[in-house]
Amino acid sequence: MVDANRMIYESVAGVSKPVSQIVMGTLFAQDIDRATPVLDEFVLQGGNCFDTARHYGDAELVFGEWMKDREVRDDSVVITKGAHTPNCNPEAVTSQLSESLERLQTDFIDIYFLHRDNLDIPVGEFVDVLNEHREAGRIGVFGGSNWSLDRVDEANEYAARNGVAGFTVLSNHMSLARMVEAPWDGCLAASDSASRQWLADRQMPLFPWSAQARGFFVDGRAAVDNLDDPELVRCWYSDDNFERLARVREMADRQGVAGVSVALAYLLNQPSPVFPLIGPVSVEEARSSLAALDVELSVDDVKWLNLEI
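Residues numbered from 1 in each chain as written. Predicted model: local features only at pLDDT ≥ 70, side-chain atom pairs only at ≥ 80, totals over all residues. Heavy atoms only, no water.

**Remarks on the overall build of the protein chain**
From N to C terminus, the protein chain includes eleven helices and nine strands. Here the protein chain has a C-alpha radius of gyration of 19 Å; the compact-globule value for 309 residues is 19 Å, and the two agree. Summarising its shape, the C-alpha atoms of the protein chain cover approximately 50 × 40 × 40 Å along the three principal directions. Buried positions account for 57% of the 309 residues belonging to the protein chain. Taking contacts inside the protein chain between residues at least 6 apart in sequence as the whole, the part at least 24 apart equals 75%. About 13300 Å² of surface is accessible on the protein chain, with carbon and sulfur atoms providing 48% of the total. (Helix = DSSP H or I, 4+ residues; strand = E, 2+ residues; numbered from the N terminus. Rg over C-alpha atoms; globule rule 2.2 N^0.38 Å. Buried < 20%, exposed > 50% of the residue type's maximum accessible area, 1.4 Å probe, protein only. Contact = heavy atoms within 4.5 Å. Areas by Shrake-Rupley, 256 points an atom, 1.4 Å probe, with all protein chains shown as cover.)

**Quick look at helix α6 (residues 193-202)**
The set of residues buried in α6 consists of Ser195, Arg196, Trp198, Leu199 and Ala200. Tucked inside the fold, the buried residues of α6 contact α5 (149-162), β8 (169-170) and α9 (259-268).

**Structural notes on the packing of aromatic side chains**
Enumeration according to the criterion identifies 14 aromatic pairs in this entry. The rings of Phe42, Phe50, Phe63 and Trp66 are connected pair by pair, giving a single aromatic cluster. The cationic tip of Arg254 hangs over the ring face of Trp304; the distance from NZ or CZ to the ring centre is 5.7 Å. (Phe/Tyr/Trp six-rings, centres within 6.5 Å; stacked < 30°, edge-to-face > 60°. Lys NZ or Arg CZ within 6 Å of the ring centre and 35° of its normal.)

**Re helix α3 (residues 90-104)**
The end-to-end C-alpha distance of α3, which contains 15 residues, comes to 21 Å, matching closely the 21 Å that a straight helix rising 1.5 Å per residue would cover. For α3, every residue scored as buried is listed here: Pro90, Ala92, Val93, Gln96, Leu97, Ser100, Leu101, Arg103 and Leu104. Down the axis, α3 shows its buried residues gathered within 160° of arc, on one side only. Away from its buried face by more than 90 degrees, α3 exposes Glu91 and Glu102. Considering only its buried residues, α3 is in contact with α2 (59-70), β5 (77-82), β6 (109-114), α4 (123-135) and β7 (139-144). Where α3 begins, the side chain of Asn89 points an oxygen toward the backbone nitrogen of Glu91, at a separation of 3.2 Å. Positive backbone phi, approximately 55°, marks Gln105, located one or two places after α3. (Expected span 1.5 Å × (residues − 1). Arc of directions from axis to C-beta. Polar contact = N/O pair within 3.5 Å; in protein donor to acceptor, adjacent residues only side chain to side chain.)

**A word on the pairing of β6**
In terms of residue burial, β6 counts as a mostly covered element, since six of its six residues are buried. Bridge count for β5 against β6 is four bridges, and the pairing is parallel. In the strand pairing of β6, Thr80 is matched with Tyr112. In this region the chain leaves β5, passes through α3 and returns to the parallel neighbour β6; the handedness of that crossover is right-handed. On the question of chirality, the crossover connecting β6 to the parallel β7 by way of α4 is right-handed. (Pairing = 2+ DSSP bridges. Right-handed = clockwise from strand over helix to strand, strands pointing away.)

**Details of the layout of surface pockets**
Quantified by volume, the largest pocket comes out at close to 850 Å³. Lining of the largest pocket is provided by 37 residues; of these, Leu27, Ser210, Arg214, Ile278 and Gly279 occupy positions nearest its centre. Looking at the lining of the largest pocket, the elements that each hand over two or more residues are α7 (230-236), β9 (277-278) and α10 (283-290). Among the residues forming the lining of the largest pocket, the class breakdown is 15 nonpolar, 14 polar and eight charged. Here the second largest pocket is characterised by a volume of approximately 210 Å³. Lining the second largest pocket are 13 residues, with Arg196, Asn269, Gln270, Pro271 and Val302 positioned closest to its centre. Residue assignment for the lining of the second largest pocket shows that the elements contributing at least two residues are α6 and α11 (299-305). Per-element accounting of the lining of the second largest pocket gives the leading share, four residues, to α6. Here the lining of the second largest pocket is built from residues that sort into five nonpolar, five polar and three charged. (1 Å grid on protein atoms, 1.4 Å probe; cavity = no way out; pocket = protein on both sides within 12 Å on 5 of 7 lines; lining within 4 Å. Points joined across faces, edges and corners; volume = space filled by probe spheres on them. Nonpolar A, V, L, I, M, F, W, Y, C, P; charged D, E, K, R; others polar.)

**Focus: the nonpolar core**
Counting residues in each nonpolar core, the largest one holds 101 residues, and the members touching the most others are Phe207 and Phe216. If one sorts the elements of this core by residue count, α9 sits on top with seven residues. Apart from the residues lying within four places of it in its own chain, the contact partners of Phe216 are Ala177, Ala222, Leu232, Trp236, Tyr237, Asn241, Phe242 and Leu245. (Core = buried A, V, L, I, M, F, W, Y, C linked by side-chain atoms within 4.5 Å.)

**Looking at the sheet that holds strand β3 (residues 23-25)**
Read across the sheet, seven strands follow the order β8-β7-β6-β5-β4-β3-β9 without closing on themselves; strand pairing throughout is parallel. Strands at the two margins of the open sheet, each flanked by one partner only, are β8 and β9. Where strand β4 (residues 49-51) and β5 come together, three bridges link them in parallel fashion. Within β5, the residue paired with Asp51 across the bridge is Ile79.

See the structure below:
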């Protein structure tokens, strides 16, 4: 459904409020004065879902302060993540969740993600500790960030055998651009056709990070002869991605929008629920991303942008 403010909302099983399909990432929110205008703009445009993490420096503190000041906790869907490597174990889940709740100035997290996986830990131990916090009312639904699809299936098989809640959300990377190399150790993508089919078969909501390929589709940012940003070059530069960029620009010209808006709209038009995380650092960047809500893409357009036809 489309609200009068043009934001699209979708339901996520186990979350009591409709969730804005575009999610505001808070990694940038290290200073309340700089973060406030961007967060305010997102709410003004109808956004109500925010992603943060214990691993994001002071982001939880800043976001928690903003949320309290604006008195929007009851209207917000709050995501946070914990147990990042090297502290990826059930004990860290408990200690870091306690810290996150305090820093966010809330007693409940709507959606909780394990920030990484640890293959040395039996998957059932993670499922058990997450259910412990769910039953205590500290978290709602939960899942994995940068978890392999096989491990998610294993977690849910364990949950089914033991009559407890399983993973119902995922936060791996997805963008129109193929991730050539992970920006950080332990990062996993779900952009390939097999992963997208897995998501579609299960209709599992995906909350992808770096949904805009770290600015690859921003007008003037990426070019074959522009090597100014070594990380952008390392992670996203490839012949197939530059062909996607050319098609994005063609579609953007056709619809009178920015290329980054088309690239984000690609994610909003998947056959499974996708709630892309955006990371604008200014009001202008936020507006450019949210303009994706105005882009119209057919099924064939989506395939064409991804070089499938």
